[in-house]
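Topology and contacts: notes
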Amino acid sequence: MQKVNGEIGVILEKSWDMGILWNKVGSYETIAELSQLIEEWYPWSVDEAELKELTEEFLENQYIDVDGEEIEIQRVGENQVYVKYRDYSAIDECDCLIYDKSKKNYLLGFSNTGWARIDGAIDLETGTVGYYNSIEDIYTPVGYLQDDDLDMLNGIIQSLDLSIDYECSVKREKELVA
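Described below are features of the structure shown in this document. Just so it is clear, the model here is predicted, and its values are computed rather than measured. Throughout, a residue's number is its position along its own chain's written sequence, starting from 1. Given that the model is predicted, a residue must reach a pLDDT of at least 70 before its local features are reported, and side-chain atom pairs must reach 80 or more before they are shown or counted; all residues, however, enter totals for whole chains, interfaces and linings. In computing side-chain properties, one takes all heavy atoms of the structure into account and sets aside hydrogens as well as water.

Examining the sheet that holds strand β3 (residues 71–76)
Following DSSP output, two strands are said to pair if at least two bridges run between them. Think of it this way: any DSSP run of H or I at least four residues long counts as a helix, any run of E at least two long counts as a strand, and we number them from the N terminus. Spatial strand order, β1-β4-β3-β2: four strands in an open sheet with antiparallel pairing. In this open sheet, the two strands that pair with only one neighbour each are β1 (22–27) and β2 (63–65). Direction aside, neighbouring strands of the sheet carry axes that sit 20 degrees apart on average. Sheet analysis places β1 next to strand β4 (residues 80–85), joined by five bridges and oriented antiparallel. When the sheet's bridge partners are listed, S27 is paired in β4 with Q80. Note on geometry: axes are C-alpha line fits, over the in-contact stretch for helices, and angles between N-to-C directions span 0 to 180 degrees.

What follows is the structure, given as structure tokens:
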């Protein structure tokens, strides 16, 4: 897979690592470094005693379930720490639901560069992520999502019954080779 910059690159990297719901928060070599990572990513302030308890729980179970709520902190491999969001945060970055009238499918539009425009998209039919030219309605895929991420995004779209922000006939600049 080619190196892609911006939010498109972040989405592809996360999908091919642990999935787009997961954020890699860092590595640790010592228990003090682990405690620091847990304190940084735990959603509430904790005192020293609580932090020690959380660190021990993490070492024993290899994860921390935050009251069954929105996140889980988990160890992967020897010393990698990831945070998994269990809500719909996977589509928080998506600003626009685009309906492609020609293919009769949906794209999730987002800002790839941070500017206030739609210049990236996820094609929910093909499972690709790519550049979107919102002026000419041209989509150029650059990579594939993992199937689990695509299924999850399609499930979210169906369960939330989102309204369409924009209808057009999207031109595909190129197709990705599997």
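Back to the write-up after that little detour.
Considerations on the nonpolar core
Here, nonpolar core refers to any group of buried Ala, Val, Leu, Ile, Met, Phe, Trp, Tyr and Cys residues whose side-chain atoms link them within 4.5 Å. Think of it in three bands: residues with accessible area under 20% of the maximum for their type are buried, residues over 50% are exposed, and the middle band is partly exposed, with areas taken using a 1.4 Å probe on protein chains only. The biggest cluster of nonpolar side chains holds 22 residues, and the ones touching the most others in it are L108, I122, V129 and L153. Of all the elements in the fold, those that place two or more residues in this core are α1 (6–17), β5 (94–100), β6 (105–110) and α4 (147–160). With five residues, the top contributor of residues to this core is α4.

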